[in-house]
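Spelled out, the chains give:
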Amino acid sequence: MIDLREKRALVCGGSRGMGRACAQCLAGLGAEVTLVARNEPTLQEALASLPAEAGQSHAYLCQDFSDAEGLRREVARHVVRTGAFHILLNNTGGPSAGAIVDARPEAFLDAFNNHVICNQLLAQALLPGMKEAGYGRIINIISTSVKTPIPGLGVSNTIRGAVASWAKTLAGEVARFGITVNNILPGFIETERLHEVIAAFAKQQGRSVDDLNEAFIAQVPAGRFGDPREVAQVVAFLASPAASYVTGINVPVDG
């Protein structure tokens, strides 16, 4: 059984979708969770949904990932106020759909900031505490596009690959401290983000959303979209002591 009592987790994008499911799962296994996202009402709702036993408390930080320095500063303050974290889940919304030939340079810069730069600053803020504890888990939710680029997601494909290379490099540098760094590669997981992408593709192609839903599902051997909780279960394993000798890998959760 996975036991995360006495562990503290910072969960980015924790107000909805996969991030929220991961936060609920980690909290249910005993971890104290701090959610990070930009919408305060949604954060408050997500916080209220987290299971908590006696002595277990959760929190949230309302921060926009477009302000990387502001995010770093607020997380650093939170660490000083509440203590070190053992688990970092890097997860934030992906760039808009679109062909790479049509992408503006600013779209790449914005996505690089939201994903690579924010991941870097958060890792730097939490690594000292992880090193002192001799325990750290940095988990990045990326995409199966790391393996095979997804047509129509040009900027996203580019940035997801950058995050994977960042994570692999970091994994080699921190392993000796008892810290692992791994990536989750979700396939078609039933979230608002997936339905936004399908709707955008349907509009571009002049097809119905139902038709595109069927086309997406037809690509999945399991014959269905994934549940965010299925991603969360894999995150829980990688966050646990059971995964102490697993680092620097990409784990597809794609049916």
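Let me sum up the structure you'll find in this document.

1. Remarks on the overall build of the chain
Thought 1: Each helix and strand counted, the chain has eight helices and seven strands in total.
Thought 2: Its C-alpha atoms give the chain a radius of gyration of 18 Å, within 12% of the compact-globule value 18 Å for 255 residues.
Thought 3: Sequence-distant contacts in the chain: of pairs separated by 6 or more residues, those separated by 24 or more amount to 73%.
Thought 4: For the chain, the accessible surface area stands at approximately 12000 Å², while carbon and sulfur atoms represent 53% of it.
Thought 5: When the 22 basic and 24 acidic side-chain charges of the chain are each reduced to a single mean position, those positions are 5 Å apart.

2. Some remarks on the layout of surface pockets
Thought 1: Computed from the structure, the second largest pocket encloses a volume of approximately 460 Å³.
Thought 2: Only α6 (192–205) and α7 (209–218) provide two or more residues apiece to the lining of the second largest pocket.
Thought 3: Residues of the lining of the second largest pocket, tallied by class, amount to 10 nonpolar, eight polar and three charged.

3. So, the side chain of Ser240
Thought 1: Take Ser240: it is sitting in the loop between α8 (228–239) and β7 (250–253).
Thought 2: A relative accessible area of 1% places Ser240 in the buried class.
Thought 3: If sequence neighbours within four positions are ignored, Ser240 has contacts with Ile2, Leu4, Tyr135 and Arg137.

4. Things to note about the nonpolar core
Thought 1: Val11, Leu26, Val33, Leu35, Ile184 and Val231 are the most contacted members of the largest nonpolar core, which has 32 residues in total.
Thought 2: Every element with two or more residues in this core is listed here: β1 (8–12), α1 (17–28), β2 (32–37), α2 (40–48), β4 (87–90), β5 (136–141), α8 and β7.
Thought 3: Counting residues per element, this core draws most heavily on α1, which supplies seven residues.
Thought 4: When residues no more than four places from it in sequence are discounted, the contact partners of Val11 are Gly19, Ala23, Leu26, Val33, Thr34, Leu35, Val36 and Leu89.
Thought 5: Counting 25 residues, the second-largest nonpolar core is a separate cluster that includes Leu10, Leu61, Val75 and Phe85.

5. Focus on the environment of Asn250
Thought 1: Looking at the element boundaries, Asn250 is found in strand β7.
Thought 2: You can call Asn250 partly exposed: its relative accessible area is 36%.
Thought 3: Here the alpha-carbon distance between Asn250 and Ser143, two residues 107 residues apart in the chain, equals 9.5 Å.
Thought 4: In terms of polar contacts, Asn250 uses its side chain to reach the side chain of Asn183, at 2.8 Å.

6. Quick look at the packing of helix α4 (residues 105–133) against helix α5 (residues 154–174)
Geometrically, a packed helix pair is captured by the angle between its two axes and the distance between the axes.
Thought 1: Close contact between α4 and α5 brings their axes to 9 Å; oriented N to C, the two are set at 20°. By the angle between their axes, α4 is roughly parallel relative to α5. Once α4 is placed against α5, the crossing between them reads as right-handed. On the side of α4, the interface is formed by Ala107, Phe108, Ala111, Phe112, His115, Val116, Asn119, Gln120, Ala123 and Leu127, while α5 contributes Val155, Thr158, Ile159, Arg160, Ala162, Val163, Trp166, Leu170 and Val174.
Thought 2: For the contact of α4 with α5, the class distribution of residues is 14 nonpolar, four polar and one charged.

7. Describing α6
Thought 1: Its 14 residues give α6 an end-to-end C-alpha distance of 20 Å, which sits within 8% of 20 Å, the value for a rise of 1.5 Å per residue.
Thought 2: Looking at α6, one finds that the buried residues are Leu194, Val197, Ile198, Phe201 and Ala202. Looking straight down α6, one finds its buried side chains confined to an arc of 135°; they lie on one side. Of the residues in α6, the exposed ones pointing more than 90 degrees away from the buried face are Lys203 and Gln204.
Thought 3: Those residues of α6 hidden inside the fold are in contact with α7.
Thought 4: Two residues or fewer after α6 comes Gly206, characterised by a positive phi angle close to 65°.

8. Re the environment of Gly28
Thought 1: Residue placement: Gly28 occurs in helix α1.
Thought 2: With relative accessibility at 49%, the residue Gly28 sits in the partly exposed group.
Thought 3: Residues Gly28 and Leu50 lie 22 residues apart in sequence; the distance between their C-alpha atoms is 7.5 Å.

9. A short note on the side chain of His58
Thought 1: With respect to the element layout, His58 can be found in the loop between α2 and β3 (59–62).
Thought 2: The exposure class of His58 is buried, given its relative accessible area of 18%.
Thought 3: A distance of 3.0 Å separates a polar side-chain atom of His58 from the backbone nitrogen of Val33.
Thought 4: Here the side chain of His58 touches Pro51 through a polar contact of 2.9 Å, landing on its backbone oxygen.
Thought 5: Residues in contact with His58, not counting those within four places in the same chain, are Ala27, Ala31, Glu32, Val33, Leu47, Leu50, Pro51 and Ala52.

The rules behind these values
- Residues numbered from 1 in each chain as written.
- Predicted model: local features only at pLDDT ≥ 70, side-chain atom pairs only at ≥ 80, totals over all residues.
- Heavy atoms only, no water.
- Helix = DSSP H or I, 4+ residues; strand = E, 2+ residues; numbered from the N terminus.
- Rg over C-alpha atoms; globule rule 2.2 N^0.38 Å.
- Contact = heavy atoms within 4.5 Å.
- Areas by Shrake-Rupley, 256 points an atom, 1.4 Å probe, with all protein chains shown as cover.
- Lys, Arg positive; Asp, Glu negative; His and termini not counted.
- Charge placed at Lys NZ, Arg CZ, Asp CG, Glu CD.
- 1 Å grid on protein atoms, 1.4 Å probe; cavity = no way out; pocket = protein on both sides within 12 Å on 5 of 7 lines; lining within 4 Å.
- Points joined across faces, edges and corners; volume = space filled by probe spheres on them.
- Nonpolar A, V, L, I, M, F, W, Y, C, P; charged D, E, K, R; others polar.
- Buried < 20%, exposed > 50% of the residue type's maximum accessible area, 1.4 Å probe, protein only.
- Core = buried A, V, L, I, M, F, W, Y, C linked by side-chain atoms within 4.5 Å.
- Polar contact = N/O pair within 3.5 Å; in protein donor to acceptor, adjacent residues only side chain to side chain.
- Axes fitted to C-alpha atoms, helices over the stretch in contact; angles between N-to-C directions.
- Parallel < 35°, antiparallel > 145°, perpendicular 65-115°, else oblique.
- Left-handed = near helix turned anticlockwise from the far one by under 90°.
- Expected span 1.5 Å × (residues − 1).
- Arc of directions from axis to C-beta.

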